[in-house]
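Remarks on the overall topology
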Amino acid sequence: MSNHKTLKVKNCSLYKLNKIKDPRGNITFLESNEHIPFEISRVYYLYDTPSGAERGGHAHYDLKQLVVAVSGSFDVVIDDGQNREIIKLLRPDEGLFISSMVWRELKNFSGGAVCLVLASNFYEESDYIRDFNEYIKILNQP
Ligand code: TYD
């Protein structure tokens, strides 16, 4: 598994991704279960994000994700119900791993930012928790 630094927020970490430097430009690559701790089932990306827009604002019961600023920069707020951190993503060779049951919000997108997300499952609306109070309630269920 690539180098990673654990964060205060439970089960989240910042991955230093492979980078093959070349005078023609750089390459970063990711393989399921090799460089990230899950099997990739889905890829999506956010782009043309207008300034001031905020995305996310939810947690997932099961989904695990790796978030990469492949271009530009943005902030990811992560919260596990006890700790909250703001992670600034601004390098294409760095990925934020967000595990299941972690609240996230994406904001402060720079112009031209592209947010690439690798996800462990197909899209499933029933996997979302879209209300923060509801999220805290679920976390505190015995
Ligand atoms: P959503 O995950 O709520 O966006 P964000 O968390 O980035 O603010 O998704 C927005 C819409 O896009 C929602 O109607 C569902 C749809 N969508 C899919 O159909 N498939 C996907 O893989 C994703 C990520 C979203």
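Residues numbered from 1 in each chain as written. Predicted model: local features only at pLDDT ≥ 70, side-chain atom pairs only at ≥ 80, totals over all residues. Heavy atoms only, no water.

**Let's talk about the sheet that holds strand β9 (residues 103–107)**
Strand order in the open sheet formed by five strands is β7-β6-β9-β4-β11, with antiparallel pairing between adjacent strands. With one partner strand each, in any of the chains shown, β7 (84–89) and β11 (128–129) form the two edges of the open sheet. Examined bridge by bridge, strand β6 (residues 74–79) and β7 share six bridges and lie antiparallel to one another. Opposite Val 77, over in β7, you have Ile 86 as the bridge partner. (Pairing = 2+ DSSP bridges. Helix = DSSP H or I, 4+ residues; strand = E, 2+ residues; numbered from the N terminus.)

**Structural notes on the site of the ligand**
Around the ligand lies a shell formed by Arg 42, Tyr 44, Leu 46, Arg 55, Gly 56, His 58, Tyr 123, Tyr 128 and Arg 130. For the ligand, an oxygen atom lies 3.1 Å from a polar atom in the side chain of Arg 55. One of the side-chain nitrogen or oxygen atoms of His 58 is found 2.6 Å away from an oxygen atom of the ligand. In isolation the ligand has 540 Å² of accessible area, and contact with the protein removes 61% of it. Going through the elements one at a time, β3 (42–46) and β4 (55–60) are the ones with two or more residues in the shell around the ligand. Taken together, the residues that form the shell around the ligand break down as four nonpolar, two polar and three charged. (Near = heavy atom within 4 Å. Polar contact = N/O pair within 3.5 Å; in protein donor to acceptor, adjacent residues only side chain to side chain. Areas by Shrake-Rupley, 256 points an atom, 1.4 Å probe, with all protein chains shown as cover. Nonpolar A, V, L, I, M, F, W, Y, C, P; charged D, E, K, R; others polar.)

**Some words on the sheet that holds strand β2 (residues 13–16)**
Either a parallel or an antiparallel arrangement is found when strands of a sheet pair, and the pairing is made through backbone hydrogen bonds. Strands sit in the order β1-β2-β8-β5-β10-β3 across an open sheet of six strands; the sheet is antiparallel. The two strands at the open ends of the sheet, each matched to only one other strand, are β1 (4–6) and β3. Strand-to-strand twist across the sheet, computed as the mean angle between neighbouring axes with direction ignored, equals 25 degrees. The pairing of β1 with β2 spans three bridges and is antiparallel. Bridging across to β2, His 4 finds its partner in Tyr 15. (Axes fitted to C-alpha atoms, helices over the stretch in contact; angles between N-to-C directions.)

**Digging into the environment of Tyr 44**
Positionally, Tyr 44 belongs in strand β3. Residues Tyr 44 and Ala 119 lie 75 residues apart in sequence; the distance between their C-alpha atoms is 8.1 Å. Sequence-distant contacts of Tyr 44, that is, excluding residues within four places in its chain, are made with Gln 65, Cys 115, Leu 116 and Val 117. Reaching out from Tyr 44, the side chain makes a polar contact with the side chain of Gln 65 at a distance of 2.9 Å. (Contact = heavy atoms within 4.5 Å.)

**Observations regarding the state of the cysteines**
Applying the stated criterion to the full structure yields zero disulfides. Free cysteine Cys 12: the closest other cysteine sulfur is in Cys 115, separated by 14 Å. We classify Cys 12 as buried; its relative accessible area is 3%. Judged by relative accessible area, Cys 115 falls into the buried class, the value being 0%. (Disulfide = S-S within 2.5 Å. Buried < 20%, exposed > 50% of the residue type's maximum accessible area, 1.4 Å probe, protein only.)

**Section: the nonpolar core**
Residues Phe 74, Ile 78, Leu 89 and Leu 96 are the most contacted members of the largest nonpolar core, which totals 20 residues. Mapped onto this core, the elements with two or more residues apiece are β5 (65–71), β6, β7, β8 (94–98) and β10 (114–119). Ranked by size, the runner-up nonpolar core spans nine residues in total, among them Leu 17, Phe 38, Phe 97 and Leu 116. (Core = buried A, V, L, I, M, F, W, Y, C linked by side-chain atoms within 4.5 Å.)

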